[in-house]
Amino acid sequence: LATAGLLLALAGCDSGFGQATARHLDAMGFRVFASVLDPQGPGAQELRRSCSSRLTLLQMDLTKPEDIQQVLQHIQTHTNSTGLWGLVNNAGFNDTIADAELSPLGKFRTCMEVNFFGSLELTKGLLPLLRAAGGRIVTVSSPAGDLPFPCLAAYGASKAALSLLMDTFRSELQPWGIKVSIVLPGYYKTGTTCDPAFWNLQKQRLVASLPRELLAAYGEDYVEEINRQFIQFMKVAVEDLSAVVNSITDGLLAANPAVRYYPGQGLGLMYFIHRYLPYFVRDLFLKGFFINPKLPRALRREHHDDAKKA
């Protein structure tokens, strides 16, 4: 493929995989439309500084249909004669690490709005241009959409919906010559995902928002311990994003791209356990690998002893 003149749209380029991929594809000679949440933020400034004049920055909040429509109109105006070769759905959101019962319903809704509905609306809007070019769709999902990671229900549920949606698109768009790939990365250092101060603040907000009876049943120390373990887990996050960038690039350019890419260490073992071993083995593995919550306060022996004394 000659890269000159090929147009690509990337969603979620403020940091992490999106920003790194935008820089990489721009350096390869593509014309890139990169969406950012904050056009004046450090991520957008970095793209302006490091990329060529071919790259176009577009402001887009995936929870705002008017933002998506503006981006669609801009891309359509500049690609009507050529079509669009590739779309990379990378934008993602999660700011809650807690049991499903402790996670506010609004967090589930926001995860679905950004990770599922936003990507759905953007993809549907760009499909006429992608069909015209016989192009590619590459979507960054997560293993949390395939496996029940403890304390990631809101994020995982939205990624499960996203992965199934893209697998459906892959089947339905085959007659049009459009190839669809999903990238399921391991744990990488991106954006606020590895900022302990951010997660400590989110934990404080969660505790403050919980109904008194629910907090009493689980215990504030239960939430504290989850947060402590997650911050400890951050230390294994990989800083080199090149494996993910290479997977996205292969999905866009390979003659026969993979249906699923799994960049990151340990994923092969994780999926083997998930597919072939009993559920309790998988659950034990995920708790050992990620977060193993302590017993909720209401189930602890000392709590029962105190209740009997009372």
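For the structure itself, look to the data block above.
Residues numbered from 1 in each chain as written. Predicted model: local features only at pLDDT ≥ 70, side-chain atom pairs only at ≥ 80, totals over all residues. Heavy atoms only, no water.

A.B. asks: I keep staring at the state of the cysteines and nothing clicks. Help me out?
C.D. replies: The term disulfide refers to a covalent linkage connecting the sulfur atoms of a pair of cysteines. A complete count under the given rule lists zero disulfides for this structure. Considering cysteine sulfurs only, Cys51 is the nearest to Cys13, which forms no disulfide, with 9.1 Å between them. (Disulfide = S-S within 2.5 Å.)

A.B. asks: Please explain the sheet that holds strand 7 (residues 260-261) as it appears in this structure.
C.D. replies: Strand order in the open sheet formed by seven strands is 3-2-1-4-5-6-7, and the pairing between neighbours is parallel. In the strand order of this sheet, the two ends are held by strand 3 (56-59) and strand 7, each with one partner. When strand 1 (residues 7-11) meets strand 4 (residues 86-89), the two strands line up parallel, connected through four bridges. Bridging from a neighbouring strand, Leu8 pairs with Gly86 of strand 4. Packed onto the sheet, helix 3 (residues 65-79) meets strand 1, strand 2 (31-36) and strand 3 and runs at close to 155° relative to strand 3. Contacting strand 1, strand 4, strand 5 (136-140), strand 6 (179-183) and strand 7, helix 9 (residues 242-253) crosses the sheet at an angle of about 155° to strand 5. (Pairing = 2+ DSSP bridges. Helix = DSSP H or I, 4+ residues; strand = E, 2+ residues; numbered from the N terminus. Contact = heavy atoms within 4.5 Å. Axes fitted to C-alpha atoms, helices over the stretch in contact; angles between N-to-C directions.)

A.B. asks: Sorry, what's going on with the packing of helix 1 (residues 16-27) against helix 9 here?
C.D. replies: Viewed as axis vectors pointing N to C, helix 1 and helix 9 meet at an angle of 55°, and their least axial separation amounts to 9 Å. Between helix 1 and helix 9, the angle is such that the two are oblique. The element helix 1 and its partner helix 9 pack so that their crossing is right-handed. Contacts from Phe17, Ala20, Thr21, His24 and Leu25 in helix 1 reach Val244, Val245, Ile248, Thr249 and Leu252 in helix 9. Taken together, the residues of the contact of helix 1 with helix 9 break down into seven nonpolar, three polar and no charged. (Parallel < 35°, antiparallel > 145°, perpendicular 65-115°, else oblique. Left-handed = near helix turned anticlockwise from the far one by under 90°. Nonpolar A, V, L, I, M, F, W, Y, C, P; charged D, E, K, R; others polar.)

A.B. asks: What exactly am I supposed to notice about unusual backbone geometry here?
C.D. replies: Among all residues except glycine, the phi angle is most often negative; among peptide bonds, the trans geometry is most common. One non-glycine residue, Cys151, lies in the positive phi region at around 70°. In this structure, Cys151 sits in the loop between strand 5 and helix 5 (153-172).

A.B. asks: Looking at this structure, how should I read the side chain of Gln229?
C.D. replies: Turning to its location among the elements, Gln229 is positioned in helix 8 (residues 220-233). Beyond its immediate stretch of four places on either side in the chain, Gln229 contacts Phe290, Ile291, Asn292 and Pro293.

A.B. asks: Even after reading the chapter, I still don't get the nonpolar core, so can you show me in this structure?
C.D. replies: Side chains of a nonpolar character, in soluble globular proteins, are inclined to be buried together. Counting 62 residues, the largest nonpolar core has Ile75, Leu122 and Leu126 as the members making the most contacts within it. Per-element accounting of this core gives the leading share, seven residues, to helix 4 (residues 105-133). The residues contacting Leu126, other than those within four sequence positions of it, are Ala9, Leu72, Ile75, Leu84 and Leu87. Core analysis: the second largest hydrophobic core is formed by 27 residues, Phe30, Leu47, Leu55 and Val244 among them. (Core = buried A, V, L, I, M, F, W, Y, C linked by side-chain atoms within 4.5 Å. Buried < 20%, exposed > 50% of the residue type's maximum accessible area, 1.4 Å probe, protein only.)

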